[in-house]
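Per-entry structural report
Residues per chain are reported as follows:
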Amino acid sequence: MKTSLMLCLLAVLAFNNATAQRIIGSVKDKNNQPLEGASISLKGSTQGTSTDSAGNFSFEANVTGELFLVATYMGYKPKILPVAREVHFILVKDPATLDPVVISAGSFEASDKSKGAVMTAMDVISVPGNGGDVANAVRTLPGAQQIGEREGLFVRGGSGEETRQFVDGVLVNRPYYVTLPGLPQYNRISSPFLFEGIVFSSGGYSALYGQGLSGALVMESTGMHDKSSAVIGLSPMLAVAGMQKVAKDKRSSWGFYSRYMNNNAYTKVIPQEQDFAAGPAYLMNDLNVRVKTGKTGLLKVYANFGYNKTDFTKEDIDSTTLRKRFAAEDRNLYVNISHRSQLAKNWQLDLAAAYNHNTTDIRNNLLDASKAEVIIPDTPYANKNQHLKLGEDFFTGRFVLSHYFAGHHVLKAGAEYQFTHDRLMDDQFYASFAEFEWRLARNLALRTGLRLEYSREVYLAPRISMAYRLPNGASLNAAYGIFYQKPENRYLLDNNNLPQAKATHYILNYLQRANGRLFRAEVFYKQYDRLLKTLPTLNMNGTGAAKGFELFWRDKSSVKTLDYWVSYSYVATKRDHLEFPYQMEPSFTAPHTLSVVARRFIEPIRTSAGISYAFAAGRPYYDLTSYGKIRDQGTTRSYNVVNLSLAHMVTLFPKWKEKDFTVIAFGVNNVLGTKQVFGYEYSYNGMHKMPVTLPAARSFFLGIFMSLGIDRTEDFLNDNL
């Protein structure tokens, strides 16, 4: 299922390469020495990047009219030059400043980007086997677990619900389609090309965000488009169409993108563990609007409507003749509106709001051999025929006011509000926050923050991060923070006085980045003081802890056109939560996790090839009774998966006035056909168990996608060279 989304996102790749201009250049001092970590940005906007160890930079920007590029470097006078294809800066020292620490953007600052890992949209889409899904791509980074039987990011001993997603600062309430038993689901916000930056923090994140015990996936949407274009695509499972229209005055743009996926025919050709009667089928419609307001303001609107229908049967664990059916229809509307403006010199205001409406219709049925519904009033069959209709409305809004001081100090303060409504209850949440980023010395940066939350009672969550630059150019980062998260509404229905869960993070990080290579080593400890317990009564008396270390190595320069990374995570964790009788290792965590990703662009044949390997040690599994007794337990076999992908770039109609940008893609997941076991399903009496495995030993995708409007093949090549 996941692999078909890769086809869709390759179409977006072509689409987005048709709407941006790449700006390249360098920053050096008067002695022609490169300045690593210099900041480059378009004047009056947030678009930009930083220079590498050779002083070079390259980034895509929405360029309209005559604009200017600003280069800044601590200890040097800033310089402004007109935007061109290549822009080369020579900076001179500012005698009014001290010789400061060289801080590479997103790597060494005491910020989420320094402790987390930054991924570009190109990184997300080109990782073999991830289906173009942001969360799947993040699983190749340290801290994340390899979970193949359901959706979500499981980070450092935490459950999938403990890692939250944010778009333009506001929480995404339901980022995934309705959960399917034993099957992973898509992220509703499917395209990484909707975002300028994707930051994954596996702990200790900023006070600007909350309601996540373990981690945060923070995404900021793109700015103004600069070129009208269109995209079409086709594969055996997928059809896509979209367009982007830019106004003549270049002050507004709008676009839509539609895709329809139906895997029903695919599941007939490739045998599956489940017997699919319908789907899985998806209809995804995206709409975006960008409007410039005043001289510096930008209004952004993103709307997404998603529909999913799945209907399948599989053998019933409690019977040799009966089958059980699961059918679900999921409809979801998500609207995100944000506005950024410069109120005055050194003052910035960010406003954002989002609305989410979700309805889900779920049916469980017991069927006989002829697939007719069977009703058996006896245990354990009495509850196997159910019809559940769910509906929920979620609204959130927030503002952040930022002030930039001389010396690169920054103060940010704001507040947010959340309101949830369903048929049975309403729930409200309030928060305010303040954070100050200090540059204390030439080699020391500090960020202090405090978050105040109210949900039935008041909670204080202090956060602090520090970065110290070592003489060899590496840095040490440390972080401490307290994080809270509300129980899910289904539990609040039974007990409206449940407090928030609490986790305390301690993190120490070593980071070195030079010459296109990055090495990171991190140790962490996470203490849970309140976790949800369902036995013997519903309460928040659960406890737990997680500790471990992580290693990450990425190399983009040793071999030309080869980019690879290796990540390893070790976690030791136990928790007493839900129906656990005491502290035990959770079934969603493996102690050892390894990921290897390698990508290479073969320029003569204009083809990108990628391979990924994922390993995870066996995970614990349990058969727990309704009263908390352990009837069976053990450890699954280790997880081993090898994935391959190929993407070939061509121009099918070179004589057209505006050339096409076409991608032909092919991929295979789990090439070796290794059997994966994620856990076991148990019969009511505990006498039989059935492994939870992949739907099929291997999965495949193939498709062709074309962007019309402007040929950006050269830009695509630059991204891969």
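Described in the following lines is the structure provided in the data block. (Residues numbered from 1 in each chain as written. Predicted model: local features only at pLDDT ≥ 70, side-chain atom pairs only at ≥ 80, totals over all residues. Heavy atoms only, no water.)

Relative to the helices and strands, lysine 384 resides in the loop between strand 19 (347-367) and strand 20 (386-405). Given a relative accessible area of 19%, lysine 384 falls into the buried group. In terms of polar contacts, lysine 384 uses its side chain to reach the side chain of aspartate 318, at 2.7 Å. Lysine 384 has contacts with Asp316, Asp318, Asn364, Asn365 and Leu366, leaving out every residue within four places of it along the chain. (Helix = DSSP H or I, 4+ residues; strand = E, 2+ residues; numbered from the N terminus. Buried < 20%, exposed > 50% of the residue type's maximum accessible area, 1.4 Å probe, protein only. Polar contact = N/O pair within 3.5 Å; in protein donor to acceptor, adjacent residues only side chain to side chain. Contact = heavy atoms within 4.5 Å.)

On to the packing of aromatic side chains, then. Under the defined criterion, the tally for this structure stands at 22 aromatic pairs. Their ring planes at 40° and their centres at 6.0 Å tell us that tyrosine 639 and phenylalanine 678 sit as a pair that is tilted. Pair noted here: tyrosine 639 is in strand 34 (residues 639-650) and phenylalanine 678 is in strand 36 (residues 677-682), with a separation of 39 residues, a long-range link. Its relative accessible area of 6% is what places phenylalanine 678 among the buried residues. Of the aromatic side chains, those joined through ring pairs into one cluster are Tyr177, Tyr186 and Tyr282. Directly above the ring of phenylalanine 524 sits arginine 156, whose terminal nitrogen or CZ lies 4.3 Å from the centroid. (Phe/Tyr/Trp six-rings, centres within 6.5 Å; stacked < 30°, edge-to-face > 60°. Lys NZ or Arg CZ within 6 Å of the ring centre and 35° of its normal.)

Bringing the sheet that holds strand 4 (residues 56-61) into the picture now. The pairing of strands in a sheet comes from backbone hydrogen bonds and takes either a parallel or an antiparallel form. Pairing in this open sheet of three strands is mixed, and the strands run 4-1-7 from one edge to the other. Since the sheet does not close on itself, it has two edges, and those belong to strand 4 and strand 7 (86-91), each with one partner. Sheet twist, expressed as the mean angle between neighbouring strand axes with direction ignored, is 25°. Bridge count between strand 1 (residues 21-29) and strand 7: six bridges; the pairing is parallel. The partner of serine 26 across the bridge, within strand 7, is histidine 88. (Pairing = 2+ DSSP bridges. Axes fitted to C-alpha atoms, helices over the stretch in contact; angles between N-to-C directions.)

Before going further, it helps to spend a moment on the environment of histidine 505. Tracing the sequence through the fold places histidine 505 in strand 26 (residues 501-514). When residues no more than four places from it in sequence are discounted, the contact partners of histidine 505 are Gly203, Gly204, Leu213, Ser214, Ala479, Tyr480, Gly481, Phe483, Tyr525 and Lys526. Separated by 3.1 Å, the side chain of histidine 505 and the backbone nitrogen of glycine 204 make a polar contact.

It is worth spelling out the nonpolar core at this point. Formed by 30 residues in total, the largest nonpolar core has its most connected members in Leu153, Ile189 and Tyr334. When residues no more than four places from it in sequence are discounted, the contact partners of leucine 153 are Ala135, Val138, Arg139, Ala144, Ser159, Gly160, Thr163, Tyr176, Phe200 and Leu217. (Core = buried A, V, L, I, M, F, W, Y, C linked by side-chain atoms within 4.5 Å.)

Take the sheet that holds strand 3 (residues 48-50) next. Read from one edge of the open sheet, four strands run 3-2-5-6, paired in antiparallel fashion. With one partner strand each, in any of the chains shown, strand 3 and strand 6 (79-82) form the two edges of the open sheet. The sheet shows a mean angle of 20° between the axes of neighbouring strands, taken without regard to direction. In terms of strand pairing, strand 5 (residues 68-72) meets strand 6 through four bridges, oriented antiparallel.

Turning our attention to unusual backbone geometry. A cis geometry characterises the amide bond from glycine 279 onward to proline 280, with omega recorded as 0°. Located in the positive-phi region is lysine 250, a residue other than glycine, with phi close to 60°. By the element assignment, lysine 250 lies in the loop between strand 14 (238-246) and strand 15 (252-262). At leucine 578, a residue that is not glycine, the phi angle is positive and equals roughly 50°. Tracing the sequence through the fold places leucine 578 in the loop between strand 29 (562-576) and strand 30 (592-602).

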